[in-house]
Amino acid sequence: MTRISDRTVLFADLRGSTALFETLGNAEATSVVTHCINALGVPVAAQGGHVVKTLGDGLMAVFEGPTAAVQAAIGLHDVLDSIVSRSSERGASTGLRALRLQVGAARGEVVEMSGDCFGDAVNVAARLLDHAGDNETLVTVEVLQGLTLDLRSRFRSLDRLVLRGRVEPVQVHVMGGRRGAGDLAVTQFGDVGMVMEPDGLRLMWGGQQRVFASQQMPVVLGRSPQATFCVDDSRVSRSHARVDWHSGSFQLTDLSYNGTYVRFNDGEIVSLRRGSCTLHGSGMVGLGGTPSDPGSACVSFDVLRFAETQPQLPTDFR
């Protein structure tokens, strides 16, 4: 039987599960991933949703309305947080403690047929995972418009993103108030320490030089003309990386297929593959290749603290 109706579609993807197979072995890793995915089905059912199918290390679910879908998304993150927290207390492997969750939700006309769902909302929700950072929930504007005022206030706009396989950009919003391991002060490159909050972030590429304040975040770097900071290079994805403002620091998140690489002024290079790191000091961001590769598109950055350096304010502080 075929049914066409307005639904909110949610996709959830468990990141970091590949590392489990390397550290735990196939049998134990399969058991852990299966346990996690089954546990993620609980908040879906609690909000009246239906798990259409599991996808190895993820799931697809449908809901009657946006509020139930977003409440379920919050529950999904809470469930994984609980699993990771309990595993840490028991001294579980680093691979298990590194599990992260990405969630995407879209709303629209859905065709339900033979136990599966089809339609533009399904495709959009799945493609949102390409742009989600660790422990993030992304939703379309159609989902946002159906939320209560309280829930709506938890989201901020990422502007219009170009999704893979889709011509028209989609207005996307990200849920705030969650912090993954990549957002902590102790990052892949060490302890940043207690410093004053930065006032701005300067980005430079080619003849471009722009300074962004924390209030102007997020900033999307990419090849698309709609990107906040456009880097027109063939190795750069249309929406390649994103800078967010999290608890007093600028956080860079990779959204690409070719990767994002950060070289700090101390020479250390951090490789981001759908992960995040805190920007500090000065350095280079390689989009699609390492900064040591002369063929890479490299964006220079400076984290600015005007109270310390007292420079003349750039005219393009906008």
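For clarity, every value in this text was computed on a predicted model and none was experimentally measured. (Residues numbered from 1 in each chain as written. Predicted model: local features only at pLDDT ≥ 70, side-chain atom pairs only at ≥ 80, totals over all residues. Heavy atoms only, no water.)

### Describing the packing of aromatic side chains
How two aromatic rings sit relative to each other is given by the distance of their centres and the angle of their planes. Test applied: Here a Phe, Tyr or Trp ring, Trp counted by its six-membered ring, pairs with any other such ring whose centre lies within 6.5 Å, and the pair is stacked when the planes are under 30 degrees apart, edge-to-face when over 60, and tilted otherwise. Between buried and exposed lies partly exposed: a residue is buried under 20% and exposed over 50% of the maximum accessible area for its type, with that area taken using a 1.4 Å probe on protein chains only.
Enumeration according to the criterion identifies 2 aromatic pairs in this entry. Seen from their ring centres, W245 and F250 are 4.9 Å apart, and the 65° between their planes marks the pair as edge-to-face. With relative accessibility at 0%, the residue F250 sits in the buried group.

### What to know about helix α5 (residues 120–128)
The condition that has to hold: Helix numbering and strand numbering both begin at the N terminus, where a helix is a DSSP run of H or I of at least 4 residues and a strand a DSSP run of E of at least 2. Working note: the arc is built from the helix axis to C-beta atom directions. By the convention used here, residues are in contact when the closest approach between their heavy atoms is within 4.5 Å.
Of all the residues in α5, the buried ones are A121, V122, V124, A125 and L128. Axial view of α5: buried residues confined to an arc of 170°, hence all on one face. Looking at the buried side of α5, the elements it contacts are β1 (2–15), β3 (58–63), β4 (100–113), β5 (116–118), β6 (136–140) and β8 (170–175).

### Remarks on the side chain of D233
Stated formally: Neither His nor the chain ends is counted toward charge; the positive residues are Lys and Arg and the negative residues Asp and Glu. Salt bridges are identified by distance alone: a Lys or Arg side-chain nitrogen within 4 Å of an Asp or Glu carboxyl oxygen. Pairing of N or O atoms within 3.5 Å defines a polar contact, subject to two protein rules: one partner must be a possible hydrogen donor and the other a possible acceptor, and residues neighboring in sequence count only if both atoms are side-chain atoms.
With respect to the helices and strands, D233 occurs in the loop between β14 (229–230) and β15 (241–246). Of the side chains bearing the opposite charge, R235 lies closest to the buried D233, which forms no salt bridge; the N-O distance is 5.5 Å. A polar contact of 2.9 Å, which involves the side chain of D233, links it to the backbone nitrogen of R235. Leave out the neighbours within four places in its chain, and D233 touches R223 and A297.

### Some details on the sheet that holds strand β11 (residues 200–205)
Condition: Pairing between two strands requires that DSSP report at least two bridges joining them. Where helices are involved, their axes are fitted lines through C-alpha atoms of the stretch in contact, as for all axes, and angles between N-to-C directions lie from 0 to 180°.
Overall, antiparallel pairing links the 6 strands, which are arranged β12-β11-β21-β20-β17-β18 in an open sheet. One side of each edge strand has no neighbouring strand; the edge strands of this open sheet are β12 (208–213) and β18 (269–272). Strand after strand, the sheet turns through a mean of 20° between neighbouring axes, direction not considered. In terms of strand pairing, strand β17 (residues 260–264) meets β18 through 4 bridges, oriented antiparallel. From the neighbouring strand, Y261 faces β18, where its bridge partner is S271.

### Considering the nonpolar core
The line we're drawing: Residues grouped as a nonpolar core are buried Ala, Val, Leu, Ile, Met, Phe, Trp, Tyr and Cys residues, joined through side-chain atoms within 4.5 Å.
Ranked by size, the top nonpolar core spans 26 residues in total, and within it L10, L14, F63, L76 and L101 carry the most contacts. Contributions of two or more residues to this core are made by β1, α2 (26–46), β3, α3 (66–89) and β4. In this view, L101 contacts A12, D13, L14, L40, L76, H77, L80, G133, D134, N135 and E136; residues no more than four positions away in its chain are not counted. Grouped together as the second largest cluster of nonpolar side chains are 25 residues, V236, F250, L272 and L287 included.

### Concerning the sheet that holds β14
If you trace the 5 strands from one edge of the open sheet to the other, you get β14-β13-β15-β16-β19, paired in mixed fashion. The strands lining the two open edges of the sheet, one partner per strand, are β14 and β19 (276–279). In this structure, strand β13 (residues 219–222) lies alongside β15, joined through 3 bridges in antiparallel fashion. Looking at the pairing, L221 lines up with A241 of β15.

### Things to note about the pattern of salt bridges
On inspection of all chains with the given rule, the structure shows 11 salt bridges. R202 is the partner of D302 in a salt bridge, and the nearest nitrogen-oxygen pair spans 3.4 Å. One end of the pair, D302, is in strand β21 (residues 297–304); the other, R202, is in strand β11, with 100 residues separating them in the sequence. Here the residues in one salt-bridge network are R3, R7, E64 and E112, joined through shared partners.

### Remarks on the pairing of β11
In this structure, β11 lies alongside β12, joined through 6 bridges in antiparallel fashion. When the bridges of β12 are listed, G200 appears paired with A213. Hairpin geometry of β11 and β12 is characterised by an intervening segment of 2 residues between the two adjacent antiparallel strands and by a positive phi of about 60° at G206. Where β11 lies against β21, 5 bridges are found, and the strand directions are antiparallel. Residue M204 lies in a different strand from β21, and its bridge partner there is S300.

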